[in-house]
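If you want the building blocks of each chain, they are given just below.
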Amino acid sequence: MKIKPSLKFYLRNMFLAVGVYYAITTVMLMVVTIILNLFKVGNEEMNFSSSTEFGSPTFCIIWGILIFTAYMKFMLQNGVSRKTMFMSGVLSTVILAFAMSIIDFVIQIVIGKMGGLLNVSLTGRPAFSILYRNGIFISEFTFGDVVLNLIWSSLFAVFLGFLGMISGLVFYRLSKIGRIIAGVGLGGGLVILLPIAEETITNGAISRAAKQFVLFVLGLQHSSGPNPYIWFASSLVLCAVIGGLSYLLLRRAAPQKA
Amino acid sequence: MNKIEIRQVSKNFGDTTALDKVSVDILPEKIYGLLGRNGAGKSTLLNVISNRIFADNGAVLVDGVKSAENDKALSKVYLMSEKNYYPEDMKVKEIFKWTKEFYGNFDTEKAYQLSELFGLNVKQRSSKLSTGYASIFKIILALCLDIPYIFLDEPVLGLDANHREMFYKLLLESYAEKPRTFVISTHLIEEISSLIEDVIIIKNGKVIKDCSSEELLSSGYTVSGAAEVVDAFTKGKEVIGADMLGGLKSAYVIGTADKSQVLDGLEITKLDMQKLFIQLTNS
């Protein structure tokens, strides 16, 4: 019943931040393009990966972390149930991911065209191309490639948003000591204990298993070659699992003291 | 019947029992005083009713529907609490705007009028308001909402006497204009005693009184006079407390005063709500 105002609130806050992010990023890219033009020699080709391709998924992680933790009290004050908070939060994350993927792609095209005007050959190779299309440039994309690229990058951003969500909620639900233990334990575990365990006990089995899992979900182990459709399916499954766990954490969460 | 039913609600925080099988009905279109000492369980009860926290046992029903995690039921309830639940960077006028979005029945024009009356700067961020003005902006939100049940937890915290007087007057005007239920939780008992129709007193997580103000105040009387005379008069009666001042004594007695037994030098007056509250809630 309050899903509409909740979603409206999330989108308003989100797009303000997104607007600032893209304003800064676009200016920076244009500045880089101009600098490259000034320093290019002859007709050399400049390849770059635009910061938006990495910045946007990072933005989605941060949004996922903040969405419930930062705004829960406000929602409770306005009589919004946690169920509605969750639904509108998930919707906003999906909208954000798709919107940013589209904007990122448009920026890459625009920067490429701008490079053309400045006689700087600027071509982007998105991660999708590197993984599934032998690293062809955006300028060589077919219409099908464009659509698949947008869906792939959107789902990647959605997945990261959900990861941010569950991370934020885990820390939100932990006590003060729990947060310290989790923070130190996670960092220490990954940086110190895991390499030691891999070297001495498991003989690299964990790393190999993790690598196989990543290759599998990304569809890079398919017998007939890299397949983005596998990522479409696996990302939805992963998001459903992470989303379900996130809801379980949220449904009885109490507002934290400031 | 439309009402809020609180049924056997219990809530513990670790080893502390904040609410112990509380059962009480909050009827429509009434002004309640929710009274209790510090730590009695008032805020906990309000937080459970408004879905901010969950009861360990029991249920809260709003107009027959469980309110926990129910947007429709919660749209009939508003809690103005001591703590500020609004984002720090949000301005007062934005809060008005979003309250209207979430509740629908919010009179934005009246909110701006009241802001002017109280001298509240609507362009100020809510976190930057002084204690008094933080209370004022929350009072304005509550008074401009046309929903059936409004809970005010320490609404006059930090308010000077002039603003408190203004608030009580506006509350009564708002209630007369659009009758709805107000539940006021406060420590300033004497100030609200003339406002409230019904009283709920909580002590150690339990409801010890749930009746009309009239009934509460007529449940006993105060007898004042020379200490020995008062003692003689109150012998065998249920005395819940007494105050001494030199040789004079005031005793608070439960029951009806038998005028024929009143001796010379004794004065019988109504029970003072604050004094009665103190006597009822003293350990």
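The rules behind these values
Residues numbered from 1 in each chain as written. Chains lettered and ligands numbered in written order. Predicted model: local features only at pLDDT ≥ 70, side-chain atom pairs only at ≥ 80, totals over all residues. Heavy atoms only, no water. Pairing = 2+ DSSP bridges. Helix = DSSP H or I, 4+ residues; strand = E, 2+ residues; numbered from the N terminus. Axes fitted to C-alpha atoms, helices over the stretch in contact; angles between N-to-C directions. Contact = heavy atoms within 4.5 Å. Patch = residues over 30% accessible without salt bridge, like charges linked within 9 Å, V, L, I, M, F, W, Y side chains within 5 Å. Areas by Shrake-Rupley, 256 points an atom, 1.4 Å probe, with all protein chains shown as cover. Salt bridge = Lys/Arg side-chain N within 4 Å of Asp/Glu carboxyl O. 1 Å grid on protein atoms, 1.4 Å probe; cavity = no way out; pocket = protein on both sides within 12 Å on 5 of 7 lines; lining within 4 Å. Points joined across faces, edges and corners; volume = space filled by probe spheres on them. Nonpolar A, V, L, I, M, F, W, Y, C, P; charged D, E, K, R; others polar. Buried < 20%, exposed > 50% of the residue type's maximum accessible area, 1.4 Å probe, protein only.

Residues and elements named next belong to chain B. The strand order β12-β13-β11-β14 describes an open sheet built from four strands, whose pairing is antiparallel. Two strands bound the open sheet, and with one partner strand each, they are β12 (238–245) and β14 (267–270). Direction aside, the axes of adjacent strands within the sheet are offset by 25° on average. In this sheet, β14 lies alongside strand β11 (residues 220–226) in antiparallel orientation, the contact comprising four bridges. Across the sheet, the residue bridging to T222 is T269, located in β14. Each of β11, β12, β13 (248–254) and β14 is contacted by helix α9 (residues 227–234), which is oriented at about 145° to β11, the strand it contacts most.

Nonpolar side chains collect at one region of the surface, where V27, V31, I34, I35, L38 and F39 of chain A lie side by side and expose about 600 Å² of accessible area between them. Secondary-structure assignment places I35 of chain A in helix α1 (residues 3–39).

Before going further, it helps to examine the layout of surface pockets. All names here are of chain A. Approximately 280 Å³ is the volume found for the second largest pocket. As for the second largest pocket, its lining consists of 17 residues, and the residues nearest its centre are E53, P57, W152, S153 and F156. At the level of secondary structure, the elements contributing two or more residues to the lining of the second largest pocket comprise α2 (51–69), α4 (82–117) and α6 (143–173). Considering only residue class, the lining of the second largest pocket consists of nine nonpolar, six polar and two charged.

Right, let's talk about the environment of I49 of chain B for a bit. All names here are of chain B. Mapped onto the fold, I49 is located in helix α1 (residues 42–49). Taking the C-alpha atoms as reference, I49 lies 15 Å from I200; in sequence the two are 151 residues apart. In this view, I49 contacts I4, I6, I26, V60, S67, L74, V77 and F151; residues no more than four positions away in its chain are not counted.

All right, on to the environment of L216 of chain B then. All names here are of chain B. Mapped onto the fold, L216 is located in helix α8 (residues 213–217). C-alpha of L216 to C-alpha of M273: the two residues are 57 residues apart in sequence and 8.1 Å apart in space. The residues contacting L216, other than those within four sequence positions of it, are V199, I201, K209, C211, L271, M273, L276 and L280.

Residue and element names in this part refer to chain B. Where burial is concerned, most of strand β3 (residues 31–36) is hidden: six out of the six residues are buried. The alternating pattern of β3 places I31, G33 and L35 on one face and Y32, L34 and G36 on the opposite face, and all of these are buried. By the bridge criterion, four bridges tie β3 to strand β8 (residues 181–185) in an arrangement that is parallel. Looking at the pairing, I31 lines up with F182 of β8. Of the strand pairs in this sheet, β3 and strand β9 (residues 198–203) are connected by five bridges, and their pairing is parallel. Looking at the pairing, Y32 lines up with D198 of β9.

Purely spatial values, then, with no claim about function.
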